[in-house]
Amino acid sequence: MTMTPPPGKRPAGDAVNRDGKITRDVVLAAALELIDRAGVDSLSMRRLAAALDRDPMILYRHAASKAAVLDGVAEMVLARLTVNPADPDWAGQLRAVARGYRQLALAHPHVVPLLVTRPLATPLGLRPPGTLRPLEDVLSLLTQAGFIGSDALHIYRALFGFLHGHVLNELQELVDNPDETDDLLRLGLHRLPIRDFPLLRSLAPVLAAYDGAAELERGLDILLAGLAATLTPRQDPPAHGQNARAEVTGSRPS
């Protein structure tokens, strides 16, 4: 699968400021370029320094460790995910968020494991603030739509649980032999024993016709319809500010 770099993305060698100074943003941009090119395992502080043509020790002024760089890369990518908390159409906005998340995943497939699994090793309050911004903005969107805080959190978890599964599935839909016209051979399914995998082999045409965008929309239709049917917002959505915060925390406004 060929990934198109996002607009304005520069190669690591060009990531230095015009005055030649190294900043945290420059370091993270170079790290993202390395990860995009060869995966997370290819990143080391030494390779990152070489890409920037600097001594490795200089990097530690901006990132204390490789782990800090990885956290920063995840934060940088998630900063490109736009959520409009003021949108009166909460379901439409969540659909737009889902589409944006998928586009980020396709543009940076090697970063997806960082977005999906890295937070598991870090308590919520210790994660980089930028990685929590989508959560805060979605909670704001939903509480302004009239959902109580616990329901808003449930919707967020359901949405991103679905999104993580979807992008991981889409990114693994690799073609074994793109020049082959027979779907079974194209996907390499002919290598599977017929007796052990009869159903999987029989679905070769369906698997070959996989459309990530269409699959996302179908999943969102099911998810959002289910959420709308089971979770009902209040008729009088809380105003943005004190009342909305009170709904999230469960406290009463003073």
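A. Spotlight on the overall build of the protein chain. Across its full length, the protein chain holds 13 helices and zero strands. Taking all 254 residues of the protein chain together, 39% fall into the buried category. Considering only intrachain contacts with a sequence separation of at least 6, the fraction spanning at least 24 residues in the protein chain is 64%. Just so you have it, the protein chain exposes about 14500 Å², and 54% of that area is on carbon and sulfur atoms.

B. Examining the packing of helix 7 (residues 129–144) against helix 8 (residues 149–171) more closely. The interhelical angle for the contact between helix 7 and helix 8, taken along N-to-C directions, is 125°, at an axis separation of 9 Å. For the element pair helix 7 / helix 8, the angle class is oblique. When you trace helix 7 past helix 8, the crossing you get is right-handed. Of the residues in helix 8, those touching helix 7 at Pro134, Leu135, Val138, Leu139, Leu142 and Thr143 are Gly149, Ala152, Leu153, Ile155 and Tyr156. Tallied by class, residues from the contact of helix 7 with helix 8 come to nine nonpolar, two polar and no charged.

C. Spatial organisation of unusual backbone geometry. The backbone phi angle of Asp53 is positive, close to 55°, even though this residue is not glycine. Take Asp53: it is sitting in the loop between helix 2 (45–52) and helix 3 (56–59). What makes Asp53 exposed here is its relative accessible area of 64%.

D. Structural view of the packing of aromatic side chains. All told, the structure shown has three aromatic pairs when counted by the stated rule. With centroids separated by 5.0 Å and ring planes inclined at 85°, the aromatic side chains of Trp90 and Phe147 adopt a geometry described as edge-to-face. Taken together, the residues Trp90 in helix 5 (residues 90–107) and Phe147 in the loop between helix 7 and helix 8 connect sequence positions 57 residues apart. One exposure class covers both Trp90 and Phe147, and it is buried. Between Tyr101 and Phe160 the ring centres are 5.5 Å apart and the planes differ by 85°, which places this aromatic pair in the edge-to-face class. Of the two residues, Tyr101 sits in helix 5 while Phe160 sits in helix 8, which places them 59 residues apart along the sequence. Members of the aromatic cluster, joined through ring pairs, are Tyr101, Tyr156 and Phe160.

E. Structural context of the side chain of Thr143. Along the chain, Thr143 turns up in helix 7. What makes Thr143 buried here is its relative accessible area of 2%. A distance of 3.2 Å separates a polar atom in the side chain of Thr143 from the backbone oxygen of Ser140.

F. Examining the environment of Pro113 more closely. With respect to the element layout, Pro113 can be found in helix 6 (residues 112–117). Residue classification places Pro113 among the partly exposed positions, given a relative accessible area of 40%. Considered as a pair, Pro113 and His164 are 51 residues apart in the sequence and their alpha carbons are 9.4 Å apart.

G. Quick look at the nonpolar core. Membership of the largest hydrophobic core comes to 60 residues, with the highest contact counts inside it found for Leu48, Val69, Val73, Leu94 and Tyr101. Those elements giving two or more residues to this core turn out to be helix 1 (24–38), helix 2, helix 4 (66–78), helix 5, helix 6, helix 7, helix 8 and helix 12 (212–230). Sequence-distant contacts of Val73, defined by excluding residues within four places in its chain, comprise Leu28, Ala31, Leu32, Ile35, Val111 and Leu114.

H. Structural detail: the confidence of the model for the protein chain. Residues of the protein chain with pLDDT of at least 70 account for 84%, and the chain-wide mean is 83. Model confidence for the protein chain, summarised as mean pLDDT per element, is weakest for helix 13 (residues 242–249) at 42 and strongest for helix 5 at 97. Here residues 241–254 is modelled with pLDDT under 50, and outside its nearest four sequence neighbours on either side it reaches 16 contacts, counting other chains as well.

I. Focus on helix 4. An ideal rise of 1.5 Å per residue puts 18 Å on 13 residues; helix 4 measures up with 18 Å between its terminal C-alpha atoms. By the burial criterion, the buried members of helix 4 are Val69, Leu70, Gly72, Val73, Ala74, Glu75, Met76, Val77 and Leu78. Where the residues of helix 4 are buried, they touch helix 1, helix 2, helix 5, helix 6 and helix 7.

Rules of the game
Residues numbered from 1 in each chain as written. Predicted model: local features only at pLDDT ≥ 70, side-chain atom pairs only at ≥ 80, totals over all residues. Heavy atoms only, no water. Helix = DSSP H or I, 4+ residues; strand = E, 2+ residues; numbered from the N terminus. Buried < 20%, exposed > 50% of the residue type's maximum accessible area, 1.4 Å probe, protein only. Contact = heavy atoms within 4.5 Å. Areas by Shrake-Rupley, 256 points an atom, 1.4 Å probe, with all protein chains shown as cover. Axes fitted to C-alpha atoms, helices over the stretch in contact; angles between N-to-C directions. Parallel < 35°, antiparallel > 145°, perpendicular 65-115°, else oblique. Left-handed = near helix turned anticlockwise from the far one by under 90°. Nonpolar A, V, L, I, M, F, W, Y, C, P; charged D, E, K, R; others polar. Phe/Tyr/Trp six-rings, centres within 6.5 Å; stacked < 30°, edge-to-face > 60°. Polar contact = N/O pair within 3.5 Å; in protein donor to acceptor, adjacent residues only side chain to side chain. Core = buried A, V, L, I, M, F, W, Y, C linked by side-chain atoms within 4.5 Å. pLDDT = per-residue confidence, 0-100. Expected span 1.5 Å × (residues − 1).

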